[in-house]
Amino acid sequence: MRADPDGESATVRWVICAVVMLALTPPAFAGDLDILRGTESVGAATFPRWSGFYFGGQVGYSDGSANFANATQPLLSYSLRELQLEADDAPSNWPILGNGTSGKAGFGGFVGYNTQWQDLILGLEANYTHSPFTVTATESPISRVVTVGSDLDSVTLEGSASLQITDFASLRARAGWAFSNFLPYGFAGVALARASYSVTSLAFGQQSSATPPAVPVIPCDPINVTTCVDYSYSNSAGKNNTLLYGFSVGGGVDVSLASNIFLRAEYEYVQFAPFASITASISSARIGAGLKF
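Residues numbered from 1 in each chain as written. Predicted model: local features only at pLDDT ≥ 70, side-chain atom pairs only at ≥ 80, totals over all residues. Heavy atoms only, no water.

1. Some details on empty space enclosed by the protein
- Inspection of every chain in the model, using the stated rule, returns three cavities of 30 Å³ or more.
- Within this model, the largest cavity holds a volume of roughly 50 Å³.
- Forming the walls of the largest cavity are 13 residues, and the residues nearest its centre are Val59, Gly60, Gly106, Phe107 and Thr129.
- Mapped onto the lining of the largest cavity, the elements with two or more residues apiece are strand 1 (52-67), strand 2 (99-117) and strand 3 (120-136).
- Each residue belonging to the lining of the largest cavity can be placed in one class, and the counts come to four nonpolar, seven polar and two charged. (1 Å grid on protein atoms, 1.4 Å probe; cavity = no way out; pocket = protein on both sides within 12 Å on 5 of 7 lines; lining within 4 Å. Points joined across faces, edges and corners; volume = space filled by probe spheres on them. Helix = DSSP H or I, 4+ residues; strand = E, 2+ residues; numbered from the N terminus. Nonpolar A, V, L, I, M, F, W, Y, C, P; charged D, E, K, R; others polar.)

What follows is the structure in structure tokens.
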């Protein structure tokens, strides 16, 4: 049988057209055909790097407060221990001192280590602040006349107290979540401070007694045959460079400026355990900069 020359020519023309179309196919269209090439590897996900060691410096402002309401109690209790007045009315428990506050700018540094699971950041950090300030108690002297058995006693209580904190530090566990170049975090840990304190007390008054039918009066009146005894007791206590212990909580944000440079802003609250019948706390706001490795 004789082949059809026109059919063969048509087939050749179609093959040539197909080759030309594939050669001139735009890249965007060719990409749509990638599904026909099988599976391809996908690059690993990338996250800002916060892991590793870091250290830095900081400046800020610390506001300290202290409650001295019970600070004179041990001193007055000891001073008045032999008087029936203390046994019956316990004037040592009368609050003659109040709260005090003080603030000061300071500086310090920090060093820590982070571990990273994609966006979750966990770490441990030591933080130090030098911010010397002195908190002084408010004073409210108390004068009263009380009945002690068959006697009358007048009593006046006075006192003073101050607390100076030189520097403090905290060891805290941190947890944060990275958002692009920002790392907001919270922390909690233990705190330590170096401090000095002083407390003074003064108790004075008059004890009036009388033999019936005379009655005791204050102030004493010899005409009424009253027996008067004046008394005055002062006492003091204090300590220099003692250590205070407590806990620390707070939060802040680190901002990455480059692969190993970051800025920081944070707030910290420190509460110390009671010492010498005084309770104290510190609130601090800071900004800083650091290097990470």
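Following the structure, the description resumes.
2. Quick word on the pairing of strand 1
- The sheet contact formed by strand 1 and strand 2 spans 16 bridges and is antiparallel. What sits directly across from phenylalanine 53, in strand 2, is tyrosine 113.
- Pairing of strand 1 with strand 9 (residues 279-292) involves 14 bridges; the strand directions are antiparallel. When the bridges of strand 9 are listed, alanine 66 appears paired with alanine 280. (Pairing = 2+ DSSP bridges.)

3. Quick look at the confidence of the model for the protein
- Residues at a pLDDT of 70 or more form 83% of the protein, whose mean pLDDT is 86.
- Considering only residues more than four positions removed or in separate chains, one finds that residues 22-43, a stretch of pLDDT under 50, has two contacts. (pLDDT = per-residue confidence, 0-100. Contact = heavy atoms within 4.5 Å.)

4. So, the pattern of salt bridges
- With the rule as written, the count across this model stands at 11 salt bridges.
- Close ionic contact of glutamate 268 with arginine 286 constitutes a salt bridge, the shortest N to O distance being 2.4 Å. With glutamate 268 in strand 8 (residues 261-272) and arginine 286 in strand 9, this pair connects stretches of sequence that are 18 residues apart. Accessibility classification places glutamate 268 together with arginine 286 in one group, the buried group.
- Where salt bridges share partners, they join Glu125, Arg172, Arg174, Asp254, Arg264, Glu266, Glu268 and Arg286 into one cluster. (Salt bridge = Lys/Arg side-chain N within 4 Å of Asp/Glu carboxyl O. Buried < 20%, exposed > 50% of the residue type's maximum accessible area, 1.4 Å probe, protein only.)

5. A word on the nonpolar core
- Of all hydrophobic cores here, the largest spans 36 residues; its most connected members are Phe68, Leu163, Ile165, Phe272 and Ile278.
- At the level of secondary structure, the elements contributing two or more residues to this core comprise helix 3 (73-79), strand 3, strand 4 (142-148), strand 5 (151-177), strand 6 (182-210), strand 7 (226-258), strand 8 and strand 9.
- Leaving out residues up to four positions away in the same chain, isoleucine 165 has contacts with Ser131, Pro132, Phe133, Ala193, Arg194, Ala195, Leu244, Phe272 and Ile282.
- Listed in part, the seven residues of the second largest apolar core include Trp50, Ile121, Ala178 and Leu183. (Core = buried A, V, L, I, M, F, W, Y, C linked by side-chain atoms within 4.5 Å.)

6. Things to note about the pairing of strand 7
- The pairing of strand 6 with strand 7 spans 28 bridges and is antiparallel. The residue bridging alanine 191 from the neighbouring strand is glycine 246, located in strand 7.
- Across 12 bridges, the pairing between strand 7 and strand 8 is antiparallel. Bridge assignment links valine 249 to a residue of strand 8, and that residue is tyrosine 269.
- Turn length for the strand 7-strand 8 hairpin, with the two strands adjacent in sequence and antiparallel, is two residues.

7. Digging into the environment of asparagine 93
- Along the chain, asparagine 93 turns up in the loop between helix 4 (84-89) and strand 2.
- Asparagine 93 gets classed as partly exposed once you look at its relative accessible area, which sits at 49%.
- In the structure, asparagine 93 is positioned 24 residues away from alanine 69 in sequence and 9.1 Å away in space, judged by C-alpha atoms.

8. Digging into the packing of aromatic side chains
- Taken as a whole and assessed by the stated rule, the structure comprises nine aromatic pairs.
- Centroid distance phenylalanine 110 to phenylalanine 262: 6.3 Å. Interplanar angle 45°. Geometry classified as tilted. With phenylalanine 110 in strand 2 and phenylalanine 262 in strand 8, this residue pair connects regions lying 152 residues apart in the sequence. For the pair formed by phenylalanine 110 and phenylalanine 262, the shared burial category is buried.
- These aromatic residues form a ring-pair network of at least three members: Trp50, Tyr54, Phe110 and Phe262.
- Just above the ring of phenylalanine 187 sits the side chain of arginine 172; from NZ or CZ to the centre is 3.7 Å.
- Over the ring of tyrosine 185 we find arginine 174, and its NZ or CZ is 4.4 Å from the ring centre. (Phe/Tyr/Trp six-rings, centres within 6.5 Å; stacked < 30°, edge-to-face > 60°. Lys NZ or Arg CZ within 6 Å of the ring centre and 35° of its normal.)

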